[in-house]
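Structure at a glance
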Amino acid sequence: MTRLTFRRGDAVVIAAILAASIALTAAFVLSARRGAAASVEIRQNGEVLAVLPLDEDAEFTVGGAYTNVIEVRGGEVFFAESDCPGQDCVHSGAVSAAGRSLVCLPNRVEVRITADSPDENAVDGVAG
Amino acid sequence: MRTKTRDITLCAMLVALSLALSLAERMIPLEAVIPLPGVKLGLANIVTMFALYELGGRYALAVLVCRCALASLFGGGFTALAFSLAGGLLALAAMALAKRAPFLSVYGVSLCGAACHNAGQILAAMALLRSVTVAAYLPFLLLVSVGTGLLTGFAASCTFRALAAVPRRERGDREC
């Protein structure tokens, strides 16, 4: 009754997942604009806390459930410090291209690099 | 003959087992191999699949919810609970549907579960961050889910095969 061996239908499922993955990637790549990066947008719970220029070194601290220290340095932005349990945001590294973003999920913080048009769709890291 | 007490007891054991698996999984540094935060093997899903096949959807749901609630107590809190529930519930729904498809084996069911688990987690991330950009992360997670889905499918296949070899009497299906 229980089907235990690999069937042709299973291969179809794999193909469907791969196709969905490729289609989604294509959609995001096509929709992301690659203009000159202009500014860093820091959001918490979807609300914009700050917009910083990317070419000016700065440090920004976000409170909330946890404390994140976000640093802009040399045209890059990264989570310098965080007291969240996973530390995924700190491990995500730095981003510099428009459309890229970094996330600290426990603190509901998203750092996004926006070009002149604010509609960008690539994500570099998601933190748990 | 099966009794309700026996099923509930089995459920409790499955909750304990899946909780142990999901905690043990946190010690595996899979993120060192695949540098995507949140990537997991989904070992606890083997138990959910077993509950689904052996006891049915309602018991599988109970095992899943209990496991998620207990696992969040061991670290992660509300964020972890929201994520594992969103992923787990969507995965269970997908697996319950996939199980009915005569052209799919446990591998296909497991793959559907893994892919939908990731989709559910991305939905949770989108809701928590109120941001659509997080969805760009989904294609990578889907790629990883093919690997993890096949792995848990293989584990489930081995488990079911091994259990089928155990005489019914020793599995506790006798009258009492």
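Our subject is the structure listed above.
What counts as what
Residues numbered from 1 in each chain as written. Chains lettered and ligands numbered in written order. Predicted model: local features only at pLDDT ≥ 70, side-chain atom pairs only at ≥ 80, totals over all residues. Heavy atoms only, no water. Helix = DSSP H or I, 4+ residues; strand = E, 2+ residues; numbered from the N terminus. Buried < 20%, exposed > 50% of the residue type's maximum accessible area, 1.4 Å probe, protein only. Contact = heavy atoms within 4.5 Å. Pairing = 2+ DSSP bridges. Axes fitted to C-alpha atoms, helices over the stretch in contact; angles between N-to-C directions. Salt bridge = Lys/Arg side-chain N within 4 Å of Asp/Glu carboxyl O.

Observations concerning the overall build of chain A
Of regular secondary structure, chain A possesses 2 helices and 8 strands. Going residue by residue from the N terminus, the α and β elements of chain A occur as α-β-β-β-β-β-α-β-β-β. When burial is assessed residue by residue, chain A has 45% of its 128 residues classed as buried. Taking the contacts inside chain A whose residues are at least 6 apart along the sequence as the reference set, 37% of them involve residues at least 24 apart.

Structural notes on the sheet that holds strand β2 (residues 47-53) of chain A
Residue and element names in this part refer to chain A. Pairing in this open sheet of 4 strands is antiparallel, and the strands run β2-β1-β8-β7 from one edge to the other. Looking along the sheet, the strands with just one partner apiece sit at the ends: β2 and β7 (101-104). Across this sheet, the average inter-strand angle for adjacent strands is 15 degrees, counted without regard to direction. Of the pairings in the sheet, the one linking strand β1 (residues 39-44) to strand β8 (residues 109-114) comprises 6 bridges and is antiparallel in character. Each bridged residue has a counterpart across the sheet, and for Glu 41 the counterpart in β8 is Arg 112.

Observations regarding the pattern of salt bridges
All names here are of chain A. Tallying each qualifying case throughout the model produces 3 salt bridges over all chains. The shortest N-O distance in the salt bridge between Glu 41 and Arg 43 comes to 2.7 Å. In this pair, the class of Glu 41 matches that of Arg 43, namely buried. The partner of Glu 71 in a salt bridge is Arg 73, and the shortest N-O contact between them spans 2.6 Å. Note on Arg 73: relative accessible area 46%, which makes it partly exposed.

It is worth stressing that arrangement in space is one thing and function is another; only the former is reported here.
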